[in-house]
Amino acid sequence: MTDAASTDTRPVVLSGIQPSGKLTIGNYLGALKNWLALHEQYDTHFMLVDLHSISVRQSPADRLERCYEFIALYLACGLNPERNVLFVQSHVPAHSQLAWILNCYTQFGELSRMTQFKDKSAKHADNVNAGLFCYPVLMAADILLYGAHKVPVGDDQRQHLELTRTIAQRFNREHGETFVVPETMTPPIGARIMGLQTPEAKMSKSEDAETNAIYLLDEPKRIERKIKRAVTDMEGSIRFDQENKPGVSNLMSILAACTGQSFEQISAEYDGGGYGQFKKAVADAVIATLEPVQQRYAEWRNDEAALRDILRDGAQRAQQRAQTTVDRVHAALGFIPA
Ligand code: TYM
């Protein structure tokens, strides 16, 4: 499918993160870190999905602070705004426009089966709003608007990506080739970082227990303490076994994703040395990974005017491409051209 708004003919990549909670090492290893080099091969789009975040209550002041914080962190992690389209979802009205249309191409039963909806509606039982239910449709709109071929995410977004594909295929079947059917792109290691205290459940940025997650802005001492206290087992051996040794396997994944070592190399180097020595190595690797990010963060965060300039430019570029898709969809549906 050609796109009149862009002369870039490379395949398109798009991804996003919700401004809720605090960014964790899971978000970094599962998503952000893997975004950084993609602009070399793809026409890349990365956004902050603020519209998604209102499906769960948070004070406007907290949200605003978080939005600036997350954008500053994207940049501090090394996302280059000249080589990637970097923008905020609410600045591009096409997301809401396409979401309504796609709602009419999504079945109630499909949305009812989404595990994130089930989890979140159990967690926020006092506010099971329609936005929470239709959340995956807005996500489908995010992706289909840009004709994304690949969507780099962690493992927990797979089900949403499957639904996006279903919606795109259904629309294409009824109205002719309108949307690119996207593929999920997950990293071989780090796609599902688990909680330090609950290694059978994923690490989450909206996690209540502070000790369960490592946040990108945690100080080195705090990181060391959290990893020291991470749940392991009584066996004392360092080998990858997700089912029987979830805690150790998770720490191995974190170490492998931070250093590029394989599980075999990690076992060979640390097995026999005890969990204390192994945990120290994991902490050192995480601290070394986050150190440059933390150093660059303050500079970005303190310059809101620069952040807003970048986002204004990103939104303009994003809107251009998104609008061509909206126009194409409107034509496919038989709407009078505006
Ligand atoms: P969100 O904000 O929950 O998470 C952002 C990204 O981080 C990944 N991630 C993890 N990866 C590994 N281990 C973990 N413990 C972990 N926790 C989170 C997520 O898989 C994700 O890639 N619905 C999305 C945001 C979204 C989006 C989109 C993504 C909205 N529209 C369009 C891609 C394309 C979400 O809530 O991610």
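Residues numbered from 1 in each chain as written. Predicted model: local features only at pLDDT ≥ 70, side-chain atom pairs only at ≥ 80, totals over all residues. Heavy atoms only, no water.

**Some words on the site of the ligand**
- For the ligand, the set of nearby residues contains 27 residues, the closest of which are Tyr135, Asp142, Asp156, Ile193 and Lys205.
- Gly26 is positioned such that a nitrogen or oxygen atom in its backbone is 3.2 Å from a nitrogen atom of the ligand.
- Taking Met203, its main chain carries an N or O atom lying 2.9 Å from a nitrogen atom of the ligand.
- Starting from 720 Å² of accessible surface for the ligand in isolation, the protein chains cover 97%.
- Among the elements of the structure, β1 (12-17), α1 (25-35) and α7 (130-145) are those that each provide at least two residues to the shell around the ligand. (Near = heavy atom within 4 Å. Polar contact = N/O pair within 3.5 Å; in protein donor to acceptor, adjacent residues only side chain to side chain. Areas by Shrake-Rupley, 256 points an atom, 1.4 Å probe, with all protein chains shown as cover. Helix = DSSP H or I, 4+ residues; strand = E, 2+ residues; numbered from the N terminus.)

**Details of the packing of aromatic side chains**
- This structure, assessed with the given rule, holds nine aromatic pairs.
- Relative to Tyr146, the ring of Phe87 has its centre 5.7 Å away and its plane inclined at 50 degrees; by these criteria the two rings are tilted. Of this pair, Phe87 sits in strand β3 (residues 85-88) while Tyr146 sits in the loop between α7 and β4 (150-152); the two residues are 59 residues apart in sequence, bridging distant segments of the chain. Taken as a pair, Phe87 and Tyr146 share a single burial class, namely buried.
- Here the aromatic rings of Phe240 and Phe263 are separated by 4.1 Å at their centres, their planes lie at 15 degrees, and the arrangement is stacked. Taken together, the residues span a long stretch of sequence, with Phe240 in the loop between α9 (220-228) and α10 (246-259) and Phe263 in helix α11 (residues 263-270) at a distance of 23 residues.
- Its relative accessible area of 34% is what places Phe240 among the partly exposed residues. (Phe/Tyr/Trp six-rings, centres within 6.5 Å; stacked < 30°, edge-to-face > 60°. Buried < 20%, exposed > 50% of the residue type's maximum accessible area, 1.4 Å probe, protein only.)

**Some details on the pattern of salt bridges**
- All told, the structure shown has 19 salt bridges when counted by the stated rule.
- Among the salt bridges present, the one from Lys22 reaches Glu210, with a minimum N-O distance of 3.5 Å. Of the two residues, Lys22 is situated in the loop between β1 and α1 and Glu210 in the loop between β5 (183-185) and α9; the sequence distance between them amounts to 188 residues.
- Between Asp309 and Arg312 there is a salt bridge, and its shortest N-O distance comes to 3.0 Å. Of the two residues, Asp309 and Arg312 both sit in helix α13 (residues 304-333), three residues apart, roughly one turn of that helix.
- Judged by relative accessible area, which is 46%, Asp309 ranks as partly exposed.
- A residue is classified by how much of its surface remains accessible, and Arg312, at 45% relative accessible area, is partly exposed.
- Three or more residues are tied together by salt bridges with common partners; here these are Lys22, Glu210, Asp218, Arg222 and Lys226. (Salt bridge = Lys/Arg side-chain N within 4 Å of Asp/Glu carboxyl O.)

**Observations concerning the packing of α10 against α11**
- Put simply, α10 and α11 touch, their axes get as near as 10 Å, and they point 110 degrees apart. Our classification of the angle between α10 and α11 gives roughly perpendicular. Contacts between α10 and α11 involve Met252, Ser253, Leu255 and Ala256 from the former and Phe263, Ile266, Ser267 and Tyr270 from the latter.
- Class assignment of the residues belonging to the contact of α10 with α11 gives a composition of six nonpolar, two polar and no charged. (Axes fitted to C-alpha atoms, helices over the stretch in contact; angles between N-to-C directions. Parallel < 35°, antiparallel > 145°, perpendicular 65-115°, else oblique. Contact = heavy atoms within 4.5 Å. Nonpolar A, V, L, I, M, F, W, Y, C, P; charged D, E, K, R; others polar.)

**Thoughts on the domain arrangement of the chain**
- Split into domains, the chain comes out as domain 1 (4-191 + 303-333) and domain 2 (210-297).
- The distance between the C-alpha centroids of domain 1 and domain 2 comes to 30 Å.
- Listed by partner, the interface residues are 14 residues for domain 1 and 18 residues for domain 2.
- The contact between domain 1 and domain 2 buries some 1500 Å² in all, and 76% of this surface belongs to carbon and sulfur atoms.
- Three residues, Ile25, Ala76 and Ile189, lead the burial of domain 1 against domain 2; their summed loss comes to 37% of the area buried on that side.
- The tally of links from domain 1 across to domain 2 stands at one salt bridge. (Domains from an automatic or database assignment. Buried area = accessible area lost by both parts, 1.4 Å probe.)

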